[in-house]
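Residue-level structure breakdown
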Amino acid sequence: MRKKLLLHSLVLLVLLAGCAGAPETADPAAIAAFAPSSSQEAPPEEVFVDDPDSPYPMAEWSWQVDMDGDGAEEQVVLWAEKAYGSNEIEPDKWFEVTTVGLHPYTLVVTAGEEEFRVPLGREESGDFLRYPYYFPLDSEYSAPIWTEDRSGLPVLVLAFDNMSQGGAGGIDVYAFALREGALIRLPVPEYSVEAALNEEALTALVTVPETGYTETLDLNQWLEDKRARESQFNWDPSYDESGALEWPAAPGNIDGLCAAEAAEEGIILSQYLYGTAHMDGMGFLTTTLTWDKEEPVVLDQRFVWC
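All of the points below concern the structure found in this document. Bear in mind the structure is a predicted one, so any value in this text is a computation, not a measurement. Residue numbers run consecutively from 1 along every chain, following the written order of its sequence. For this predicted model, a pLDDT threshold of at least 70 governs which residues receive local features, and a threshold of 80 or more governs which side-chain atom pairs are given and counted, while totals over whole chains, interfaces and linings are taken from all residues. To get the side-chain values, all heavy atoms of the structure are used, and hydrogens and water are removed first.

**Points about the pattern of salt bridges**
Note the cut-off: Note on definitions: salt bridges are taken to be side-chain nitrogens of Lys or Arg within 4 Å of carboxyl oxygens of Asp or Glu. Helix and strand assignments come from DSSP, with helices taken as H or I runs of at least 4 residues and strands as E runs of at least 2, each series counted from the N terminus. Relative accessibility decides the category of a residue: with a 1.4 Å probe and only protein chains considered, values under 20% of the type maximum give buried, values over 50% give exposed, and everything between is partly exposed.
Tallied over the entire structure, the rule returns nine salt bridges. Ionic pairing is found between Lys82 and Glu96, a salt bridge with its closest N-O pair at 3.1 Å. Here the residue Lys82 occupies a position in the loop between strand E3 (74-80) and strand E4 (84-85), and Glu96 occupies one in strand E5 (residues 93-96), the gap between them amounting to 14 residues. Overall, Glu96 belongs to the buried group, its relative accessible area being 9%. Overlapping salt bridges bring together Glu224, Arg227 and Asp236 as one network.

**Brief notes about the sheet that holds strand E14 (residues 213-218)**
This is how the line gets drawn: A strand pair is defined by DSSP finding two or more bridges across the two strands. In this analysis, axes come from line fits to C-alpha atoms, helices being fitted only over the stretch in contact, and the angle between any two N-to-C directions falls in the range 0 to 180 degrees.
Spatially, the three strands line up as an open sheet ordered E12-E13-E14, and their pairing is antiparallel. Both outer strands of the open sheet, strand E12 (194-198) and E14, are each paired with one neighbouring strand and no more. Averaged over all pairs of adjacent strands, the angle between their axes in this sheet comes to 20°, without regard to strand direction. In this structure, E12 lies alongside strand E13 (residues 203-208), joined through five bridges in antiparallel fashion. What sits directly across from Ala196, in E13, is Leu205.

**Re the packing of aromatic side chains**
For the record, the criterion: Under the pairing criterion, centres of Phe, Tyr and Trp rings, with the six-membered ring standing for Trp, must be within 6.5 Å; the plane angle then separates stacked pairs below 30 degrees from edge-to-face pairs above 60, leaving the rest tilted.
Scanning all chains against the criterion turns up 14 aromatic pairs. Taking 5.8 Å as the distance between ring centres and 80° as the angle between the ring planes, the aromatic pair formed by Trp63 and Trp146 counts as edge-to-face. You can see Trp63 sitting in strand E2 (residues 58-65) and its partner Trp146 sitting in strand E8 (residues 143-148), a full 83 residues away along the chain. On the basis of relative accessible area, Trp63 is assigned to the buried category, the value being 14%. Here Trp146 falls in the partly exposed class, since its relative accessible area comes to 27%. A ring pair is formed by Trp222 and Trp235, whose centres lie 6.3 Å apart and whose planes are at 80°; its orientation type is edge-to-face.

**A look at helix H1 (residues 219-229)**
Formally: Relevant arc is that of directions from the helix axis to the C-beta atoms, nothing else. Contacts: residue pairs with any heavy atoms within 4.5 Å of one another. Here a polar contact is taken to be a pair of N or O atoms separated by no more than 3.5 Å, where protein atoms must pair a possible hydrogen donor with a possible acceptor and residues adjacent in sequence count only if both atoms sit in side chains.
For H1, the set of buried residues is Leu219, Trp222, Leu223 and Lys226. Down the axis of H1, the buried set is contained in an arc of 100°. They therefore lie on one face. The secondary structure elements touched by the buried residues of H1 are E12, E13, E14, strand E16 (245-247), strand E19 (281-292) and strand E20 (295-305). N-capping of H1 is provided by Asp218, with a side-chain oxygen placed 3.0 Å from the backbone N of Asn220.

So far we have only geometry, and geometry alone does not tell us how the molecule works.
This is the structure in structure tokens:
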């Protein structure tokens, strides 16, 4: 799995700051009308110190898309909000941080006279972000994806690389559709696995219980492939004193989402598979997902062994 540098110690927590309108640096100027308005205020006991040279909040992405198929385009804007961190010198204050590139975000969709505003990452904690460390959408594992559902209507998928796992990686994925005059957040499920090891044959039967997809991993072949790619390591099976297999183990553990990309219909999602230890990576579960109205539909699912 990939590793990322941890934030500078200055940044202990990133909080959402209410938006006061588009800054002068937002371009094009037409986007200014769609700036999120101030709807959240800091508690009286907290002091926020803004950077006078900060461009935030600012519109990082903007699209004109007919999301509901009525022939009229909607304005879709993704806003990067102000981010704040604390320090030990003045612990009673929150100082705006502009150097680390991580921000909370707000999605704003305007359809005619109706405006929909969705703060991302704050579903369970109101103003305070659960996992606020979102990398911009032009970073390696973050991306805006325009795709389609089963009916052919547009769906906006936002995959955010985050720091929620202490630098170990992971993405938060949001999917939105405009249907019957409402902005709907579509479900993006994560899947689990169950694995049964056949020690004598050295195979593992791996199943996704939510969908019933099953595949048999030939561990002998997996070890051969490992030897071919990484010959500097010992890839022989190991046994304990009683002769029971200690390693390799069946890949019965799975992480959350770690990658998302566009498919011809819907999106392709990846989850990391491993055996006993997390570093003992054995491959990925890849799922091609779309939606029928508001229900997720699995078009394809498979294991990619590595």
